[in-house]
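Residue-level structure breakdown
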Amino acid sequence: MSDRGNLHIKGRVLAGPEDIRDELWVVDGRITYERPARTDQEAGTAEGWVLPGLVDAHCHVGLGSDGPVDESATEKQALTERDAGALLLRDAGSPSDTRWIDDREDLPRIVRAGRHIARTKRYLRNFAHEIEPGDLAAYVRREARRGDGWVKLVGDWIDRNEGDLAPSWPRWAVDEAIAAAHEEGARVTAHCFAESSLRDLVEAGIDCIEHATGLTEETIPLFAERGVAIVPTLINTATFPQLAAGGTKYPRWSEHMVRLYERRYETVRAAYDAGIPVYTGTDAGGSLAHGLVSAEVAELVTAGIPAADALSAATWGAHRWLGRPGLEEGAPADLVVFAEDPLSDVRVLGDPRHVVLRGRVMR
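Along every chain, residues carry numbers that run from 1 in the direction the sequence is written. It should be noted that, the model being predicted, local features are given only for residues of pLDDT at least 70 and side-chain atom pairs only at 80 or more, the latter also being counted only at that level, while totals for whole chains, interfaces and linings use all residues. Side-chain measures here rest on the full set of heavy atoms in the structure, leaving out hydrogens and waters.

1. Quick notes on the overall build of the protein
Worth spelling out the cut-off: Counting from the N terminus, the helices are DSSP H or I runs at least four residues long and the strands are E runs at least two residues long. Atoms counted for the radius of gyration: C-alpha only. Globule rule: 2.2 Å times residue count to the power 0.38. With a 1.4 Å probe rolled over the protein chains alone, any residue whose accessible area is under 20% of its type maximum counts as buried; one over 50% counts as exposed, and the rest are partly exposed. Pairs of residues are marked as contacts when any of their non-hydrogen atoms sit within 4.5 Å. The method behind every accessible area is Shrake-Rupley, applied with a 1.4 Å probe, and residues are considered shielded solely by the protein chains displayed. Working convention for charge: Lys and Arg count positive, Asp and Glu count negative, and His plus the chain ends are omitted. Where a charge lies is defined by one atom per residue type: Lys uses NZ, Arg uses CZ, Asp uses CG and Glu uses CD.
Within the protein, the regular secondary structure consists of 12 helices and 20 strands. At 21 Å, the protein has a C-alpha radius of gyration in line with the 21 Å of a compact globule built from 363 residues. On the principal axes, the C-alpha backbone points of the protein span a range of 70 × 40 × 35 Å. Looking at the protein as a whole, 56% of its 363 residues are labelled buried. Of the contacts formed within the protein by residues at least 6 apart in sequence, a portion of 65% connects residues at least 24 apart. For the protein, the computed accessible surface area is about 14600 Å², with 45% contributed by carbon and sulfur atoms. Put simply, the protein has 42 plus and 59 minus side-chain charges, and the middle of one group is 3 Å from the middle of the other.

Encoded structure:
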């Protein structure tokens, strides 16, 4: 059943963490809680626990381990996300032009952050614009205009002279760059593993930090005070020991990565307890597979975040954060139906019964 029609969904509609309804209809691709006058025109019915389309707030569409991939591989990535129930993606940096996806009604909606902006020879080859600090603000303006309201910086990376993680940018460049993005109407996020890169970015007005493994008791209150969100990408952090094992040329870096890994759950729970907004992201693309957002929600629960809040990090809260509707009256019908209650066990998210995108049942 893939044609758009008047779909009737019964069961438990989780319109919000405390807003649970008994049924909804999809009419002309949009959600309504009012019974249509012509129920005989229904294309079908479905039953179960209903959530807004899941959100992967840190993935990379059109990116592979060696850089940009072709449209066929990009399409496969997007379809994998869709079939996993991830219908809203924040693309946190890609060298590929994926605007053609917007014309495909069978592919997820994407909020783009343009292409990564990194320091020269301080990031993965073929992924980012690699520039020097004096050009940072100009590149930020360019990517702000290319993206969908976000810009992505590489805030730190291994400095081979130091043999460890180190900030990519001097404070003056960060100040100029974030101010430029905000003037363009874009929010700024940054890849950050280390402790040392965080304070300058937050004090300069950054909106979000990706990974945020370097949060400490000194910087957590600063994040909370400024309302800076984090996307922990815990399933990516799980790869740190493997990365460290391959970095024997830089023992300080390897040891640092292992320490960040070992305290990963403690870091995320401390951030949550302090009131820092936390959202789900997988870092899919590059080296990690797409379609893993359910595993990331489970990781947040393992870190000690209550199930309802971990679920919100991938649904209601994430939609609001990205400025996209959820299951409101009149909203586009992007939703996922599950056989069991995801509030009771978030592992249910890994097995959608139905995926509805733009009012069409995709599975």
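2. A look at the sheet that holds strand E8 (residues 86-91)
Just so we agree on the cut-off: Any two strands with at least two DSSP-identified bridges between them are counted as paired. The axes used here are C-alpha line fits, helices contributing only the stretch in contact, and every angle between their N-to-C directions lies in the interval 0 to 180 degrees.
Reading across from one edge, E5-E8-E9 is the order of the three strands in this open sheet, with parallel pairing throughout. Here the strands that pair on one side only, and so sit at the sheet edges, are strand E5 (54-59) and strand E9 (109-112). Recorded for the sheet is a direction-independent mean angle of 20° between the axes of neighbouring strands. As paired strands, E8 and E9 are joined by four bridges and run parallel to one another. Note that in E9 the partner of Leu89 across the bridge is Ile110.

3. Some thoughts on the pattern of salt bridges
Applicable threshold: Salt bridge, as applied in this entry: a Lys or Arg side-chain nitrogen positioned within 4 Å of an Asp or Glu carboxyl oxygen.
Under the defined criterion, the tally for this structure stands at 27 salt bridges. As a salt-bridge pair, Arg141 and Glu183 come within 2.4 Å of each other at their nearest N and O atoms. Of the two residues, Arg141 is situated in helix H2 (residues 136-146) and Glu183 in helix H3 (residues 171-183); the sequence distance between them amounts to 42 residues. Overall, the relative accessible area of 58% leaves Glu183 in the exposed class. The closest approach of N and O atoms between Arg171 and Glu203, which form a salt bridge, is 3.1 Å. With Arg171 in helix H3 and Glu203 in helix H4 (residues 198-203), this pair connects stretches of sequence that are 32 residues apart.

4. Comments concerning helix H8 (residues 251-262)
How we decide: By this rule the span expected of a helix is its residue count minus one, scaled by 1.5 Å. The directions considered for the arc run from the helix axis to the C-beta atoms.
Here H8 is 12 residues long and its end C-alpha atoms lie 17 Å apart, about the 16 Å a rise of 1.5 Å per residue gives. Turning to H8, its buried residues number three or more, namely Trp253, Ser254, His256, Met257 and Leu260. Seen from one end, H8 has its buried residues packed into an arc of 165°, which puts them on one side. Looking at the buried positions of H8, the neighbouring elements they touch are strand E13 (156-159), strand E14 (164-167), helix H7 (240-245) and helix H9 (264-273).

5. Observations regarding the pairing of E14
Sheet analysis places E13 next to E14, joined by four bridges and oriented antiparallel. Opposite Asp156, over in E14, you have Pro167 as the bridge partner. Where E13 hands over to E14, the hairpin turn is made up of four residues, of which Gly163 adopts a positive phi near 75°.

6. Looking at the packing of aromatic side chains
Pairs of aromatic rings are described using the distance from one ring centre to the other and the angle between the two planes. The criterion, for reference: Classification of ring pairs uses Phe, Tyr and Trp, with its six-membered ring standing for Trp, and accepts pairs whose centres are within 6.5 Å; under 30 degrees between planes counts as stacked, over 60 as edge-to-face, and the remaining range as tilted. To sit over a ring, a charge needs its Lys NZ or Arg CZ within 6 Å of the ring centre and within 35 degrees of the ring normal.
Considering all chains together, one arrives at six aromatic pairs under this definition. Between Tyr279 and Trp321 the ring centres are 4.2 Å apart and the planes differ by 5°, which places this aromatic pair in the stacked class. Of this pair, Tyr279 sits in the loop between H9 and helix H10 (293-302) while Trp321 sits in helix H12 (residues 316-321), placing them 42 residues apart in sequence. For the pair shown, Tyr279 and Trp321 are each scored as buried. Through pairs of rings, three or more aromatic residues link up here, namely Tyr123, Phe127, Trp157, Phe193 and Phe240. In this structure, Arg90 packs its charged tip against the face of Trp150, placed 4.6 Å from the ring centre.

7. Remarks on the pairing of strand E18 (residues 335-338)
Neither face of E18 is exposed, since Leu335 and Val337 on one face and Val336 and Phe338 on the opposite face are all buried. Note that E18 and strand E19 (residues 354-357) share three bridges and pair antiparallel. Looking across to E19, one finds that Val336 is bridged to Val355.

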